[in-house]
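Fold and contact review
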Amino acid sequence: MGKLLDWLDVRVGYRDAAASWRAPVAGGPSLLHTLTSAMALLLIVQAVTGALLALYYSPSTGAAWASVAYIEDQVPFGSLVRGVHRWGMSAIVVVAGAHLVLTAVRGGYRQPRELTWWIGLALLAVMMGYSVTGFLLRWDQYGYWATKVELGYATDAPGLGRQLTQGVQGGNQFGNLTLTRFYALHAIVLPALTLGLVAAWRRAARAHGPLPARGTDAPAWPHQTFRNVVVAALVLAALVAWSIHAGGAGLDGPADPTGLYDARPQWYFRPLYALVNVAGSLRTVVALGLPLLIVGLLAALPLVDRRRPRGTVHAVAMVGLGGFFLALATLGYSSARQDRRGADAALDRRRDAIAHDARRARALAKRNGVPAPGGLAVYTTAPFYEARRLWTRECASCHAGDDRKAPVLGFGNASRAHTRSLLLNPLAPEHFGKSPKIANDENTMPAVDLPVDEVDALVELLYAESGAKDADAAKVARGQTLFDDGTCSDCHERVGTEPSTGPNLAGYGSRAYLEGMIRDPGASHRFGAMNDMPRFADELSPAQLTSLTDYLMWLRTAAPADVAALDQ
Amino acid sequence: MATDDSDAPASPGVGRREFLKLATGVVGCGVGAVILVPAARFIAHPVGAQIVTAASAPIDAIAVADLGAAPVRVPLVAHTVRDAWATTNDVALGAAWIRRGKDGTIAVLSSVCPHKGCAIGYAAQTGRFECPCHGATFDVDGQRLSGPAERGLDPLPFSVEGDRVMVTWVQYDNGGADRKPA
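Note that the coordinates shown come from a computational prediction; the quantities given were computed from them, not determined experimentally.

This part covers the overall build of chain B. Each helix and strand in chain B was counted, giving one helix and 11 strands. Sequence-ordered secondary structure for chain B, helices as α and strands as β, is α-β-β-β-β-β-β-β-β-β-β-β. Here chain B has a C-alpha radius of gyration of 30 Å; the compact-globule value for 182 residues is 16 Å, and the former is much larger. For the C-alpha atoms alone, the extent of chain B along its principal axes is close to 100 × 35 × 20 Å. Put simply, chain B has 182 residues, and 21% of those count as buried.

The structure is reproduced here in structure tokens:
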């Protein structure tokens, strides 16, 4: 083993490299230094969870949302991995912010540490880049609209803003190239930049220590390392606990370019959002200028405040910057308060609708998969989707609502109760009372005026025509006699396709009867001259006719709750 | 903080040092486990799982009347395939070689070579199936003639409904003399 390690050391010199990790910590072990290792852990967590997500993620408009929904709802620990990856970004902002504040307060940006400070700022900018590129990849409502807004401001940048934005976006609108480019930026370009900057930061920070020393130098191992590991464990525990508490990363329904969405930024961009919204005509200037101003102010610190630590300039700079960031935080907080639940009923309703779509789309995606056209097509896999679309487009204007011109179609049709009601009052508004020709034809059907038991027998006869197995044979036989001997048969046939004044009632209430009625209601054995309804045999494809008939047959025995369940 | 860093044996600092080393290791391993266990489960999700699923209904392959003594290559197109997150219609699962002997019996063979899974071709001149990858050959009934394959071509379950040949696609494991669904 020793020989093997010697062999390795001669070739790659790992012992010197390892020794650099054991270099004494300037000023001795301290909790402040643990922020750096907490940051290192968070970057590693992001790299690991990012690589895990890449095992499943597919960057195309057809598959992006579907693959993310798959991770979220079907891959073991998928929700946890996504949650940690998303909230890891927030944790990075928190830890980086804490590090930045401590460094600034301790004057850690002063000569000879300017470069460390600037590299740190560059890293912070790269982190923001991850946030902007990451959320689009979900291709859900949130990612789509939040990124739309961000790129909208970028387009307004003077000079090459439009060209640069289109370059990043891969054209003048969102599409496949937007996803492939954002994915490449998020998973290859930015990580490469991060690696380079982290290496440079570490080299610069090692040269002088990240902060002016206060105590005597002491070895990192084990005292500093122990603190590092404990803080790292606490940060990781907090991150996992928070992401579980927050319900993971969240996933809205698929991006819908036609939809209405209240896009709000991540919390660390809230102050910017709030300022932009009060900036009036200066919104573009603020949106683009404020981030530059912040980075510029921070970058200028080593140039402005270069004297002794704890000098007047330092105090003024710290108070000024502190006040500035406090004002931003207050703005951000009050903006978030305005959007809190219960503050705006209309906003809450829109959010509820978005949440409802998200639940529905994800449940459908889990059950049925997502059709090739992409996320939005998941809604078409809902039960009776096509039939209900046809119903709304072709049927509802006449068969539903107060302005209808035909009988109500739906629950209970062709049931015993429905048939009885029809016989007793054919011209009731829910039956043919609103059908112009039938209601006004002198040959139209009169109300059946027979003793109850005879009406029962006729109802049973018609009920049996539907093919129902539970019809009472004795009643049916009596119904047949009444039908044939009474006045029914003056206008109605009951076999084959014999033409008659009223509809031939063969198979009344059956699937075939219903489909025939949709195909050609004006046929001589159906409503003939009294027909008001268009013929759909040539309007609808056979598959459409089948699905519409299936739906109407299902609707007869359904309850309103069943229909509502279709939308859940 | 630095006071307990003395290297003198039996000083109280040594006990603390050793404890810190051990604690660092334990906490570090804990952090590692919190990351690794879910990661392993996450990664292993497709192992042994049915990620690509075709509707199990037999596939309408070809009309009986279109079959002759020479086998014809027929793509088997599933109506619906579920592949991880996606549901796709009309997906070709694979191909079958189908023929109808002089006595009217129909034979349906998978076009997947039982050696390494290449697509088998049919050489009309020799009347044999030949694999383009490693040269396995089979007679027209799928019996192994020569080459590295350890078994004959895999027959696929089928039925005749009316004038249509309905085939059920089965993917068999490559290699081995026994036929096992993959």
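Turning to the overall build of chain A, a few remarks are in order. Helix and strand counts for chain A come out as 23 helices and one strand. Relative to its length of 568 residues, chain A is extended, with a C-alpha radius of gyration of 36 Å against a globular reference of 24 Å. For chain A, the C-alpha atoms occupy an extent of roughly 115 × 65 × 40 Å along the three principal directions. Going through the 568 residues of chain A one by one, you find that 31% of them count as buried. At a minimum sequence separation of 6, the contacts of chain A that also span at least 24 residues come to 70%.

Entries for chain B in the domain assignment read domain 1 (2–43) and domain 2 (52–167). The C-alpha-based centres of domain 1 of chain B and domain 2 of chain B are spaced at 61 Å.

On to the interface of chain B and chain A. The partner chain A presents 37 residues to the 26 residues of chain B that form the contact. Those elements that provide at least two residues to the side of chain B that touches chain A are α1 (12–43) and β4 (86–100) of chain B. The leading source of residues in the side of chain B that touches chain A is α1 of chain B, at 16 residues. When its residues are assigned to classes, the side of chain B that touches chain A shows 15 nonpolar, six polar and five charged. As paired strands, strand β1 (residues 370–371) of chain A and β4 of chain B are joined by two bridges and run parallel to one another. Residue pairing for β4 of chain B: Val370 of chain A is matched across the bridge by Ala86 of chain B.

Inspection of the secondary structure assignment puts Gly97 of chain A in helix α5 (residues 78–105). In sequence terms Gly97 of chain A and Leu124 of chain A are 27 residues apart; their C-alpha atoms lie 9.0 Å from each other.

Structurally, chain A comprises domain 1 (29–259), domain 2 (265–338) and domain 3 (385–566). Taking only C-alpha atoms into account, the centre of domain 2 of chain A sits 72 Å from that of domain 3 of chain A.

Among the nonpolar cores identified, the biggest contains 63 residues, and Ala38, Leu42, Ala66 and Val235 of chain A together with Trp85 of chain B are the most heavily contacted of them. Ignoring any residue separated from it by four or fewer positions in sequence, one finds Leu42 of chain A in contact with Gly88, Ala91, Ile92, Val95 and Val235 of chain A. Counting residues in each nonpolar core, the second largest holds 24 residues, with Ala61, Val112, Leu153 and Val167 of chain B among its members.

What follows concerns the confidence of the model for chain A. The predicted structure's coordinates, where accompanied by low pLDDT, should not be read in detail. Averaged over every residue, the pLDDT of chain A is 90; residues scoring 70 or more account for 99%. In the model of chain A, helix α2 (residues 14–21) of chain A stands out as the element of lowest mean pLDDT, 78, in contrast to helix α4 (residues 64–74) of chain A, which has the highest, 96.

It is worth spelling out unusual backbone geometry at this point. All names here are of chain A. Each neighbour pair has its own omega, and for Gln111 with Pro112 the value is 10°, a cis peptide bond. Considering the arrangement of structural elements, one finds Pro112 in the loop between α5 and α6 (114–137). Backbone geometry places Phe77, a non-glycine residue, at a positive phi of 65°. Structurally, Phe77 is set in the loop between α4 and α5. We classify Phe77 as partly exposed; it has 19 C-beta atoms within 10 Å.

Moving on, we get to the environment of Asp305 of chain A. Residue and element names in this part refer to chain A. Relative to the elements of secondary structure, Asp305 occurs in the loop between α12 (283–304) and α13 (312–338). Along the primary structure Asp305 and Tyr109 are separated by 196 residues, whereas in three dimensions their C-alpha atoms are 8.9 Å apart. Discounting chain neighbours no more than four positions away, the residues touching Asp305 are Arg110, Val313, His314 and Ala317.

So, on to the packing of helix α18 (residues 452–465) of chain A against helix α19 (residues 473–485) of chain A. Residue and element names in this part refer to chain A. Look at α18 against α19: their axes get within 7 Å of each other, and the N-to-C directions meet at 105°. With respect to their mutual orientation, α18 and α19 come out roughly perpendicular. Facing Glu454, Asp456, Ala457, Leu458, Glu460, Leu461 and Ala464 of α18, the residues of α19 in contact are Lys475, Val476, Arg478, Gly479, Gln480, Leu482 and Phe483. Residue composition of the contact of α18 with α19, grouped by class: seven nonpolar, two polar and five charged.

Another point: the pairing of strand β10 (residues 158–161) of chain B. Across four bridges, the pairing between β10 of chain B and strand β11 (residues 164–167) of chain B is antiparallel. Counted as the bridge partner of Phe158 of chain B is Val167 of chain B from β11 of chain B.

Side chains three or four residues apart in an α-helix point the same way, a direct result of the helix having 3.6 residues per turn. Residue and element names in this part refer to chain A. If you check α5, its first and last C-alpha atoms are 40 Å apart, about what 28 residues at 1.5 Å a residue would give, namely 40 Å. Where α5 bends most, at Gly88, the angle is about 25°. At the C-terminal side of α5, Gly107 shows a positive phi close to 70°.

A separate point is the sheet that holds β10 of chain B. Residues and elements named next belong to chain B. The three strands are arranged β2-β11-β10 in an open sheet whose pairing can be described as antiparallel. The open sheet is flanked by β2 (59–63) and β10, the only strands paired with a single partner. Between one strand axis and the next, the sheet turns through 30° on average, direction left out of account.

Residue and element names in this part refer to chain B. Of the strand pairs in this sheet, strand β3 (residues 72–83) and β4 are connected by 11 bridges, and their pairing is antiparallel. Note on β4: the bridge partner recorded for Leu76 is Gly94. Taking the residues between adjacent antiparallel strands as the criterion, β3 and β4 are bridged by two residues, where Ala84 takes a positive phi near 50°. Two elements, β4 and strand β5 (residues 106–110), share five bridges in a ladder whose sense is antiparallel. Its bridge partner being in β5, Arg100 is matched across the sheet by Ile106. Joining the antiparallel neighbours β4 and β5 is a turn of five residues, in which Gly104 adopts a positive phi near 90°.

The next subject is the sheet that holds strand β7 (residues 128–130) of chain B. All names here are of chain B. Pairing in this open sheet of four strands is antiparallel, and the strands run β6-β7-β8-β9 from one edge to the other. Looking at which strands have only one partner, the edges of the open sheet turn out to be β6 (121–123) and β9 (144–146). In this sheet, β7 lies alongside β6 in antiparallel orientation, the contact comprising three bridges. Along β7, the bridge assignment pairs Gly121 with Glu130.

Residue and element names in this part refer to chain B. For chain B, per-residue confidence averages 87 on the pLDDT scale, and 93% of positions sit at 70 or higher. With pLDDT under 50 throughout, residues 1–10 is counted as low confidence; its partners more than four residues away or in other chains account for 16 contacts. Scored as a whole, the predicted complex attains pTM 0.79, and scored at its interfaces, ipTM 0.73.

Residues and elements named next belong to chain A. Contact geometry of helix α16 (residues 416–424) with α18 gives a least axis separation of 9 Å together with a crossing angle of 125°. By the criterion of interaxial angle, the relationship of α16 to α18 is oblique. α16 and α18 meet at a crossing whose hand is right-handed. Across from Arg416, Thr419, Arg420, Leu423 and Leu424 in α16, the residues of α18 making contact are Val455, Leu458, Val459, Leu462 and Tyr463. Here the contact of α16 with α18 is composed, by residue class, of seven nonpolar, one polar and two charged.

The rules behind these values
- Residues numbered from 1 in each chain as written.
- Chains lettered and ligands numbered in written order.
- Predicted model: local features only at pLDDT ≥ 70, side-chain atom pairs only at ≥ 80, totals over all residues.
- Helix = DSSP H or I, 4+ residues; strand = E, 2+ residues; numbered from the N terminus.
- Rg over C-alpha atoms; globule rule 2.2 N^0.38 Å.
- Buried ≥ 20, exposed ≤ 12 C-beta atoms within 10 Å, placed from the backbone.
- Contact = placed C-beta atoms within 7 Å.
- Domains from an automatic or database assignment.
- Nonpolar A, V, L, I, M, F, W, Y, C, P; charged D, E, K, R; others polar.
- Pairing = 2+ DSSP bridges.
- Core = buried A, V, L, I, M, F, W, Y, C linked by C-beta atoms within 7 Å.
- pLDDT = per-residue confidence, 0-100.
- Axes fitted to C-alpha atoms, helices over the stretch in contact; angles between N-to-C directions.
- Parallel < 35°, antiparallel > 145°, perpendicular 65-115°, else oblique.
- Expected span 1.5 Å × (residues − 1).
- Bend = angle between axes of the 7 residues up to and from the residue.
- Left-handed = near helix turned anticlockwise from the far one by under 90°.

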